[in-house]
Amino acid sequence: MKKDEVRKQMTTPLGAPAYPSGPFYFRNREYLNILYRTDMEALRRVVPEPLEIDEPLVKFEVMYMPDVTGLGAYTESGQVIPVSFNGEKGEYLHAMYVDNHPAIAVGREASAYPKKLGAPRLYIDSDTLVGTLDYGSLRVATATMGYKHQPMDLEHARQEICQPTFMLKIVPNADGSQKLCQLMRTQINDLTIHGAWTAPARLQLFAHALAPMADLPVLEVISASHIITDLTLSKPDVIYDYLKEQ
């Protein structure tokens, strides 16, 4: 392969790339979101400056994506922290666990999503919507919510999904030093909501050294939502460069 051809490649291995080029369109993307109160000192240990924490809140989410152009079908789970940056309120993506390699690769390489391999599930158990996350063979999280108890205001659901999202992108050099260390911002703008509901919910987190969700303990469940959408992810922009500050 000629040098100019190599420069056109998005990812390796050459001839069998880990993921295709986007944009990525999601049909019937299904969310289970549980907002809960946690310990403020625990949040301060994991939220990077210059992001600011307004309240000690965390959103646990499980997303089932049965139809994604270029990526297939997969499920994702993680923790999202409400923050602000220069006065703009949004959410910091703290951790994401995914069961699909192309989705992990493109999320980390082409963007800044903090994705690791995990085994999340979202399913209906009788009258209950259930979201779980396993890391290896061990349970990390179990979330339960009443199934479609009360309709949710669609504009409120839109605001929940379309908040600005902040992510930390770190890329190392071969010697282990940082090549990139940037804070990035993205926001979903292309969104269709097929339905949204709320109901009573509970969340259990279990301690794990390599999936430390329980380090942000559940002190009180504030609210829960179940939202079904079609959407397209937007490309992120760099809003802060840590290395330029040195």
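Within each chain, residues carry numbers counting from 1 in the order of the written sequence. The predicted nature of this model means local features are confined to residues of pLDDT at least 70 and side-chain atom pairs, given and counted, to a pLDDT of 80 or more, with totals for whole chains, interfaces and linings taken over all residues. The side-chain figures draw on all heavy atoms in the structure; neither hydrogens nor water molecules are used.

Rules: UniProt positions are given in the numbering used here, feature names are shortened, and annotations may be inferred rather than shown by experiment.
Per an unreviewed UniProt entry, the protein goes by the name Acetoacetate decarboxylase and belongs to Paenibacillus terreus. Quoted straight from UniProt, the Function (unreviewed entry) entry for the protein says "Catalyzes the conversion of acetoacetate to acetone and carbon dioxide."

1. Observations regarding the environment of phenylalanine 166
Just so we agree on the cut-off: Strands are runs of DSSP state E lasting at least two residues, helices are runs of H or I lasting at least four, and both sets are numbered from the N terminus onward. Residue burial is assigned from relative accessible area. The probe radius is 1.4 Å, only protein chains are included, and a residue is buried under 20% of its type maximum, exposed over 50%, and partly exposed in between. Note on contacts: a residue pair qualifies if any of its non-hydrogen atoms lie within 4.5 Å across the two residues.
Structurally, phenylalanine 166 is set in strand β10 (residues 165-172). A residue is classified by how much of its surface remains accessible, and phenylalanine 166, at 0% relative accessible area, is buried. Taking the C-alpha atoms as reference, phenylalanine 166 lies 7.2 Å from glycine 90; in sequence the two are 76 residues apart. Not counting the four nearest positions on each side in its chain, phenylalanine 166 is found in contact with Leu51, Val83, Phe85, Glu88, Gly90, Glu91, Tyr92, Leu93, Leu183, Met184, Arg185 and Ile239.

2. So, the packing of aromatic side chains
Aromatic ring pairs are described here by two measures, namely the spacing of the ring centres and the angle between the planes. Where we set the bar: Only the six-membered ring of Trp is used, alongside the rings of Phe and Tyr, when aromatic pairs are assigned; centres must lie within 6.5 Å, and planes under 30 degrees apart are stacked while those over 60 apart are edge-to-face, with the rest tilted. A ring is scored as having a charge over it whenever the NZ atom of a lysine or the CZ atom of an arginine sits within 6 Å of its centre and within 35 degrees of its normal.
Tallying each qualifying case throughout the model produces three aromatic pairs. Judged by centre distance (6.0 Å) and plane angle (55°), the rings of phenylalanine 85 and phenylalanine 166 are tilted. Remark: phenylalanine 166 occurs in strand β10 and phenylalanine 85 occurs in strand β3 (residues 72-85); sequence separation between them is 81 residues. Considered together, phenylalanine 85 and phenylalanine 166 belong to a single accessibility category, that of buried residues. For arginine 29, the ring lying beneath its charged end belongs to phenylalanine 26, and the centroid distance is 4.6 Å. Above the ring of tyrosine 113, the side-chain terminus of lysine 115 is found at 5.4 Å from the ring centroid.

3. Digging into the side chain of threonine 165
Tracing the sequence through the fold places threonine 165 in strand β10. We classify threonine 165 as buried; its relative accessible area is 14%. Those residues in contact with threonine 165 that lie beyond four places of it in its chain are Glu91, Leu93, Met184, Arg185 and Thr186.

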